[in-house]
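Letter by letter, the chains look like this.
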Amino acid sequence: MINDLGKNILRFLVFLLIQVSILKHLDLGRFINPFLYVLFILMLPIRSNKALVMVLAFFTGLTVDMFYNTMGVNAAACVFMAYCRPLVLRTYAPKGEYDTSAKPTMQSLGLPWLLSYTGTLVFLHHFVLFFLEAFSLSSFFSTLGIIIMSSASTVGLIVLSQYIMQRRKT
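Residues numbered from 1 in each chain as written. Predicted model: local features only at pLDDT ≥ 70, side-chain atom pairs only at ≥ 80, totals over all residues. Heavy atoms only, no water.

Some remarks on the state of the cysteines
So, point 1. The tally for this structure, following the rule as stated, stands at 0 disulfides.
So, point 2. Looking at C78, it has no disulfide partner, and the nearest cysteine sulfur is the one in C84, 12 Å off.
So, point 3. For C78, a relative accessible area of 0% gives the class buried. (Disulfide = S-S within 2.5 Å. Buried < 20%, exposed > 50% of the residue type's maximum accessible area, 1.4 Å probe, protein only.)

Encoded structure:
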């Protein structure tokens, strides 16, 4: 239990550091905004307490909001993603049920599952994030383009980070 807590704290700090020191300053154009920090929420154990996940998501988003000066937009998007997480986990559950020791990683559940799980939750996160940021439907298709491109880049970074973490463990 303590070991998992230490790993999660380290994971939070590493993803936050990468987000605010590297990804925030990358200029990939208007349509590509990767948000690797959401991987902290996505990698929480499958059997985590739902309320705890939502609280952690809120504080994760709020921490990013402080660095991005976005006044709660990331916190709202993270809480929405955490709220949808149990439904998405049930939707993509393997036949039967998750193994009690299963972790939401590529190594544990495979690449197709990871793409479905992260793709869905990242899209939902980005949908809320960018529409709250735009606060208008007048540029709906432009915002939708940003959501799609940013979701694709975020999922790509998540898969890459999963490969790196998998290689490091073996």
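Focus: the environment of T63
So, point 1. Considering the arrangement of structural elements, one finds T63 in helix α3 (residues 50-68).
So, point 2. Using a relative accessible area of 15% as the deciding quantity, one classes T63 as buried.
So, point 3. For the pair formed by T63 and G96, sequence separation is 33 residues and the distance between their alpha carbons is 37 Å.
So, point 4. If near-sequence neighbours (up to four positions away) are discounted, T63 is found in contact with F12 and L16. (Helix = DSSP H or I, 4+ residues; strand = E, 2+ residues; numbered from the N terminus. Contact = heavy atoms within 4.5 Å.)

Observations regarding the confidence of the model for the protein
So, point 1. On average, the protein scores 89 in pLDDT, and the residues at 70 or more come to 96%.
So, point 2. Mean pLDDT values over the elements of the protein span from 85, in helix α1 (residues 2-21), up to 96, in helix α4 (residues 73-91). (pLDDT = per-residue confidence, 0-100.)

Side note on α3
So, point 1. Helix length check: α3, at 19 residues, gives a terminal C-alpha distance of 27 Å against a target of 27 Å (1.5 Å per residue), a fit within 8%.
So, point 2. Within the span of α3, buried status applies to V53, A57, T60, G61, T63, V64 and D65.
So, point 3. For α3, the side-chain oxygen to backbone nitrogen distance between the N-cap and A51 is 2.8 Å, and the N-cap itself is N49. (Expected span 1.5 Å × (residues − 1). Polar contact = N/O pair within 3.5 Å; in protein donor to acceptor, adjacent residues only side chain to side chain.)

Here's the deal with the side chain of N74
So, point 1. On the secondary structure map, N74 appears in helix α4.
So, point 2. Engagement of the side chain of N74 in a polar contact is seen with the side chain of T70, the distance being 3.1 Å.
So, point 3. What N74 contacts, discounting residues up to four positions off in sequence, is F35, Y37, G61, V64, D65, Y68, H125 and L129.

Quick word on the packing of aromatic side chains
Any aromatic ring pair is given by two values, namely how distant the centres are and how the planes are angled relative to each other.
So, point 1. Summed over the entire model, instances satisfying the criterion amount to 10 aromatic pairs.
So, point 2. A ring pair is formed by F140 and F141, whose centres lie 5.2 Å apart and whose planes are at 85°; its orientation type is edge-to-face.
So, point 3. According to the relative accessible area criterion, F140 is partly exposed, its value standing at 32%.
So, point 4. F141 gets classed as exposed once you look at its relative accessible area, which sits at 68%.
So, point 5. Taken together through their ring pairs, the aromatic side chains of F123, F127, F131, F140 and F141 make up a single cluster.
So, point 6. The aromatic ring of Y68 is capped on one face by K24, whose charged end is 5.4 Å from the ring centroid. (Phe/Tyr/Trp six-rings, centres within 6.5 Å; stacked < 30°, edge-to-face > 60°. Lys NZ or Arg CZ within 6 Å of the ring centre and 35° of its normal.)

A short note on unusual backbone geometry
So, point 1. Notably, M71 is not glycine yet its phi reads approximately 50°, a positive angle.
So, point 2. Take M71: it is sitting in the loop between α3 and α4.
So, point 3. Under the relative-accessibility criterion, M71 is labelled exposed at 79%.
So, point 4. If you check the backbone angles, F135 has positive phi at about 50° while not being a glycine.
So, point 5. One can find F135 in the loop between α6 (111-134) and α7 (140-169).

Some thoughts on the packing of α4 against α6
So, point 1. Two elements in contact, α4 and α6, have axes separated by 9 Å at closest approach and are oriented at 150°. In this structure, α4 crosses over α6, and the sense of that crossing is right-handed. Contacts from V73, N74, A76, A77, C78, F80, M81, C84, R85, V88 and L89 in α4 reach W113, Y117, T120, L121, L124, H125, V128, L129, L132 and E133 in α6. (Axes fitted to C-alpha atoms, helices over the stretch in contact; angles between N-to-C directions. Left-handed = near helix turned anticlockwise from the far one by under 90°.)

Remarks on the packing of α3 against α4
So, point 1. Relative orientation of the contacting elements α3 and α4 amounts to 155°, with a least axis distance of 7 Å. Judged by the inter-axis angle, α3 sits roughly antiparallel to α4. Where α3 crosses over α4, the handedness of that crossing is right-handed. Counted together, K50, V53, M54, A57, F58, G61, L62, V64, D65 and Y68 of α3 and V73, N74, A75, C78, V79, A82, Y83, R85 and P86 of α4 form the full contact between these two elements.
So, point 2. Residue composition of the contact of α3 with α4, grouped by class: 14 nonpolar, 2 polar and 3 charged. (Parallel < 35°, antiparallel > 145°, perpendicular 65-115°, else oblique. Nonpolar A, V, L, I, M, F, W, Y, C, P; charged D, E, K, R; others polar.)

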